[in-house]
Amino acid sequence: MDLDAFSAVHRASWARLATLSKSRRLHGSEADELVRLYQEVATHLSMVRSAAPDPALISELSQLLARARSAISGSHDPSWSDLSRFFVETLPAAFYRVRWWTLGVAVASAVLAVVAGAWLVRSPEAQAAIGPPGTLKEIADRTFAQYYVQYDGASFAAQVWTNNAWIAAQSVAFGITGIWPVIVLYQNAVHIGQVGGILAMHGGLPVFFQLIVPHGLLELTAVFIAAGTGLKLFWTMVDPGGRPRGRALAAEGRSLFTVALGLVVVLGISGLLEGFVTPSTVLPWWLKIVIGAVVWLAFWWYVVALGRRAVRAGATGDLRRDLAGDELPLAA
């Protein structure tokens, strides 16, 4: 193929396609011409690639076709309205739809933590497995409280944010297994219960709640949401609810990523509480708990009030229909 001759013959068509692709408004005949030229230039690109693969011409035609494709199919530019819709509709709807899974996970974790703590208090063997009596007393008297003041607020907030986000990400990413969230929840609940049991043995239970509640209400809620979302995805695989299993998993998987993005923000807030409110030496303990409780209640107001309204309006936490892709209709 003689590329110079080929380009000379078709250059006018390429220029016309470029002009139509840049036009903001097209009449009916111009829209038809745009589609026709797009198909024609796509053929030209295929011919060049197969007969005379010139990198410069291939790049030029590829870019031209990309612009034309956007003009034909319509492009979507992110805007403030999209960001607002995400936080006002999409995200609270995604959280709201997993509220019962979150509650179930929270109750199970709380029961397991209490059982683990009570068993530790009453079992010398369990105490010995953790360490000698001196070690347990050291944890109750100094190590537990020291954990919250060993770093400056900003560094500590970033550290716990990263750690908690990793725990939540594991529950979300591997939730479809049905096993990994259970393992994460079990380890988390047993650890909290054992620490509470150690402090209870040495009269430090009030200190335990003073240091856990301000940030723990929101932090643990985020972990429960992550685990509940992962388990919901697993259950969707088991029972897709009358939908094709692939379609059901795709929809729930997209909602899962919405939850994951939202939890980044939630865990960031809990990290700030843990980094600056929990270890504060200025704030009295009751005010720390009040701050944590107010933030936690505000979060649940966000989930229940906005989420319920969004779900009633048809939001699911999934992408908009025009972004999620077309679906074949199903018989009832």
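These notes cover the structure that comes with them. (Residues numbered from 1 in each chain as written. Predicted model: local features only at pLDDT ≥ 70, side-chain atom pairs only at ≥ 80, totals over all residues. Heavy atoms only, no water.)

Looking now at the overall build of the protein. Along the protein, the regular secondary structure elements total 13 helices and zero strands. The secondary structure elements of the protein, listed N-terminal to C-terminal, are α-α-α-α-α-α-α-α-α-α-α-α-α. For the protein, the C-alpha radius of gyration of 29 Å lies well beyond 20 Å, the compact-globule estimate for 332 residues. For the protein, the spread of C-alpha atoms along the principal axes amounts to about 90 × 50 × 35 Å. (Helix = DSSP H or I, 4+ residues; strand = E, 2+ residues; numbered from the N terminus. Rg over C-alpha atoms; globule rule 2.2 N^0.38 Å.)

Once that is clear, we can look at the packing of aromatic side chains. One pass over the full model with this rule turns up nine aromatic pairs. Each ring, one from phenylalanine 208 and one from phenylalanine 209, has its centre 5.2 Å from the other, and the planes form 75°; the classification is edge-to-face. You can call phenylalanine 209 partly exposed: its relative accessible area is 42%. What links up through ring pairs into an aromatic cluster is the set Phe144, Tyr147, Tyr148, Phe208 and Phe209. Just above the ring of tyrosine 96 sits the side chain of arginine 99; from NZ or CZ to the centre is 3.8 Å. (Phe/Tyr/Trp six-rings, centres within 6.5 Å; stacked < 30°, edge-to-face > 60°. Buried < 20%, exposed > 50% of the residue type's maximum accessible area, 1.4 Å probe, protein only. Lys NZ or Arg CZ within 6 Å of the ring centre and 35° of its normal.)

Attention now moves to the environment of proline 53. By the secondary structure assignment, proline 53 is in the loop between α2 (28-51) and α3 (55-73). With 50 residues separating them in the primary sequence, proline 53 and leucine 3 have C-alpha atoms 9.6 Å apart. Contact partners of proline 53, with chain neighbours within four places excluded, come to Val48 and Ile58. (Contact = heavy atoms within 4.5 Å.)

Now for the environment of valine 107. Relative to the helices and strands, valine 107 is located in helix α5 (residues 99-122). The exposure class assigned to valine 107 is partly exposed, which follows from its relative accessible area of 48%. Counting along the chain gives 117 residues from valine 107 to phenylalanine 224, while the straight-line C-alpha distance between them is 9.6 Å.

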